[in-house]
There are 2 protein chains.
Amino acid sequence: MTNPNSQPAHEGSEPGSLLVVGSVALDHVRTPAGVADESLGGAATFFSVAATILHRPVYLVGVVGEDFPEEVIEMLSGRGIDCSGLDRREGRTFRWKGYYEGDMNEAVTEETHLNVFGDFVPNLSSKFRQADYVFLANIDPTLQLKVLDQIEKPRIVGADTMNFWIQSKTDELREVISRVDLMVLNDAEAILLTGETNLVRAAEKVLEMGPDIVAVKKGAHGALVLGRDDRVLVPAVPLSEIVDPTGAGDSFAGGMMASLANQNAELGNFDALRTAVGYGSVIASFNCESFSIERLKELQVPMIEERLQALRNYSTF
Amino acid sequence: MTNPNSQPAHEGSEPGSLLVVGSVALDHVRTPAGVADESLGGAATFFSVAATILHRPVYLVGVVGEDFPEEVIEMLSGRGIDCSGLDRREGRTFRWKGYYEGDMNEAVTEETHLNVFGDFVPNLSSKFRQADYVFLANIDPTLQLKVLDQIEKPRIVGADTMNFWIQSKTDELREVISRVDLMVLNDAEAILLTGETNLVRAAEKVLEMGPDIVAVKKGAHGALVLGRDDRVLVPAVPLSEIVDPTGAGDSFAGGMMASLANQNAELGNFDALRTAVGYGSVIASFNCESFSIERLKELQVPMIEERLQALRNYSTF
């Protein structure tokens, strides 16, 4: 077993480019720690803010409404997110309202207003079409397919989804899954998608649908990542206080894809994937320490490295 | 971080002696994989059968009724379990009836008949009182206290409990917790005992009650083990088929305590504990592959070592 610590950071001469397509939202979130209203959210937001801790730039494709604060776009751009693919359209920004209770492992959705996302069709610039690493965050699988049709030479393509699409657009989602390299979904989604209550078997069934890698996110229990010939079990960083888990899964994906891009990793490099899921887990843990992207925004690489080293020590047995 | 692989197996010249006090039962268990009736169970049974894979002898203290098969006692004795403290009394053996559904992470109890366990009072022989490593499996905390009063020079004392005692004998259980070194309980029990839904904080609160080590078992999600200055997160071995999880927690404890005894570990040796929880997790995983002790019975140390190495590889990130 190669120690991921000792492997070279990059396989090639320079990091690959990284693209994410997904939602940018304004959330209303209630947790035992408090309430956040009109707070910056959306899968592509969490993904790109998390990813830019490790890797810049990140190409962002999404849509916001007339009500979306211009200074937020400036802030995102200022931290290395290429917002040239973030459309501003007539209407209101996508809004999600939900809350967490008890162990906070699952959000309860109260309201979802697609707003300008309702008739969004991603149209990638020629630069974005050349992205090496692509992540299709949780959006309508029909849109994910449109992105897959546009990208030209991706090295690794990942995708996420949610229960709503599993139930309402099964065929389109299955086509997405058959065309991506790395499928990310949470435990409940893996069970819903496959009908298997055993998570290992559920993950194996997703692998049979096409991707070479399946990452099953288990919230506070970490993630189970299966490849065709190998596995990695990454724990969540044990946190004694969780402020808001919203975006943790997207931050995990953002940290993971950024690390893969940094390593310029080929799909078959499982040791690179091991390193990447470690970064993903650590960045997701920071995400849970605040509402919105507040904690992610202030992170520096040494803080990530320190916590990753602690997690590796916790995993020594 | 010391690699547990490279540390000497024993701190002292020879392994310490190991004692378990707890239930020996006949179970009726239903799982999606089938039904087992009048099948050998009980916390002390699973513990001692698991422990004797690594460490012999194990001193067993418990009670069975007139209906308990003599050949089972011979089988247990034959594998290095010292059954001189296993009383046979007038009446029927303790019986438990329950089932598992869905993700099988929690048993549903249908019937519990204490039978001869109803008026059991542990009375240890002078040899057993000298045990170095002692485990108080899940029994009435009043009985656990009676054992604590009898042991004379224990190096590490562990204990387990269950929701029933947390609710019905809170004061006695808290006294047990304050007097043991290593408290083992599952996630639901930790939450019930402390009123904390965050498992890390729940474990921290149990630490505040006295023990130096708290192991929170999370079923298929592994275990979170907290010491005063360090932590270890051990995953469960990913199993694509679970036959019956009954006794997995007891097998975890048995593997862990046997490893500590084998290493002749002092309480403050956290690296020894890391190794021990690895063994515990692996042995618990085998336990889930059959009803009763069938799978545990056939295990050899190389099978354990192989799976432990795989689990370490899965935990490299």
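Residues numbered from 1 in each chain as written. Chains lettered and ligands numbered in written order. Predicted model: local features only at pLDDT ≥ 70, side-chain atom pairs only at ≥ 80, totals over all residues. Heavy atoms only, no water.

To continue, consider the overall build of chain A. Across its full length, chain A carries twelve helices and 13 strands. For chain A, the C-alpha radius of gyration of 18 Å lies close to 20 Å, the compact-globule estimate for 317 residues. Counting only C-alpha atoms and orienting by the principal axes, one finds that chain A spans roughly 55 × 45 × 40 Å. Relative to its full complement of 317 residues, chain A shows a buried share of 62%. The long-range share in chain A, meaning contacts at least 24 apart out of those at least 6 apart in sequence, stands at 65%. For chain A, the accessible area works out to roughly 11800 Å², and carbon and sulfur atoms hold 45% of it. Averaging the positions of the 27 positive and the 46 negative side-chain charges in chain A gives two centres separated by 2 Å. (Helix = DSSP H or I, 4+ residues; strand = E, 2+ residues; numbered from the N terminus. Rg over C-alpha atoms; globule rule 2.2 N^0.38 Å. Buried < 20%, exposed > 50% of the residue type's maximum accessible area, 1.4 Å probe, protein only. Contact = heavy atoms within 4.5 Å. Areas by Shrake-Rupley, 256 points an atom, 1.4 Å probe, with all protein chains shown as cover. Lys, Arg positive; Asp, Glu negative; His and termini not counted. Charge placed at Lys NZ, Arg CZ, Asp CG, Glu CD.)

Once that is clear, we can look at the relation of the copies chain B and chain A. Taken as rigid bodies, chain B and chain A are interconverted by a rotation of 180° and an axial shift of 0.0 Å, the fit giving an RMSD of 0.0 Å. Look at the turn and shift together and you get a two-fold axis relating the two. Most of the interface of chain B is mirrored in chain A: 100% of its interface residues are interface residues there too. (Least-squares fit on C-alpha atoms with pLDDT ≥ 70 in both.)

This part takes up the nonpolar core. Core analysis: the biggest nonpolar cluster contains 118 residues, and Leu19 of chain A together with Leu18, Leu182, Met256, Leu260, Leu273 and Val277 of chain B have the highest contact counts within it. A per-element tally of this core places helix H10 (residues 270-287) of chain B first, with ten residues. Excluding residues that lie within four positions of it along the chain, Leu19 of chain A makes contacts with Tyr59, Val61, Leu124, Phe128, Ala131, Tyr133, Val134, Phe135 and Ile151 of chain A. Val234, Met256 and Met257 of chain A together with Met183 of chain B belong to the second largest nonpolar core, which has 110 residues in total. (Core = buried A, V, L, I, M, F, W, Y, C linked by side-chain atoms within 4.5 Å.)

Attention now moves to the pattern of salt bridges. Residues and elements named next belong to chain A. Per the stated rule, a full pass over the model turns up 42 salt bridges over all chains. Between Asp82 and Lys127 there is a salt bridge; the shortest N-O distance is 3.0 Å. On the criterion of sequence distance, the pair formed by Asp82 in strand E5 (residues 81-88) and Lys127 in helix H3 (residues 126-129) is long-range, its members being 45 residues apart. With a relative accessible area of 15%, Asp82 lands in the buried category. (Salt bridge = Lys/Arg side-chain N within 4 Å of Asp/Glu carboxyl O.)

One pass over the full model with this rule turns up ten aromatic pairs over all chains. Taking 4.9 Å as the distance between ring centres and 75° as the angle between the ring planes, the aromatic pair formed by Phe164 of chain B and Trp165 of chain B counts as edge-to-face. Given a relative accessible area of 48%, Phe164 of chain B falls into the partly exposed group. A connected cluster of aromatic rings, assembled from ring pairs, spans Phe94, Phe117 and Phe120 of chain A. Above the ring of Tyr99 of chain A, the side-chain terminus of Arg30 of chain A is found at 4.6 Å from the ring centroid. (Phe/Tyr/Trp six-rings, centres within 6.5 Å; stacked < 30°, edge-to-face > 60°. Lys NZ or Arg CZ within 6 Å of the ring centre and 35° of its normal.)

Within chain A, residue pLDDT values average 95, and 96% of them lie at 70 or more. Taken over the whole predicted complex, pTM reads 0.94, whereas the ipTM for its chain interfaces reads 0.93. (pLDDT = per-residue confidence, 0-100.)

Attention shifts here to the packing of helix H9 (residues 248-262) of chain A against helix H10 (residues 270-287) of chain A. Residues and elements named next belong to chain A. Packing of H9 against H10 brings their axes to within 7 Å, and their N-to-C directions diverge by 145°. For the pair H9 and H10, the crossing hand works out as right-handed. On H10, the residues touching Ala248, Ser251, Phe252, Gly255, Met256, Ser259 and Leu260 of H9 are Ala272, Leu273, Thr275, Ala276, Val277, Tyr279, Gly280, Ser281, Ile283, Ala284 and Asn287. Looking at the contact of H9 with H10, its residues break down into eleven nonpolar, seven polar and no charged. (Axes fitted to C-alpha atoms, helices over the stretch in contact; angles between N-to-C directions. Left-handed = near helix turned anticlockwise from the far one by under 90°. Nonpolar A, V, L, I, M, F, W, Y, C, P; charged D, E, K, R; others polar.)

Moving on, we come to the environment of Arg79 of chain A. Residue and element names in this part refer to chain A. With respect to the helices and strands, Arg79 occurs in the loop between helix H2 (70-78) and E5. Take Arg79: its relative accessible area is 8%, and that puts it in the buried class. Counting along the chain gives 22 residues from Arg79 to Pro57, while the straight-line C-alpha distance between them is 8.3 Å. With residues near it in sequence (within four places) discarded, Arg79 still touches Val49, Thr52, Ile53, Arg56, Leu296 and Lys297.

A word on the sheet that holds strand E13 (residues 231-234) of chain A. All names here are of chain A. Strand order in the open sheet formed by nine strands is E5-E4-E1-E8-E9-E10-E11-E12-E13, and the pairing between neighbours is mixed. Bordering the open sheet on either side are E5 and E13, each of which pairs with just one other strand. Within this sheet the neighbouring strands show an average axis-to-axis angle of 15°, counted without direction. (Pairing = 2+ DSSP bridges.)

Right, let's get into the pairing of strand E6 (residues 94-99) of chain A. Residue and element names in this part refer to chain A. Most of E6 is tucked away, with five of its six residues classed as buried. As paired strands, E6 and strand E7 (residues 108-113) are joined by five bridges and run antiparallel to one another. Across the sheet, Trp96 pairs through a bridge with Thr112, a residue of E7.

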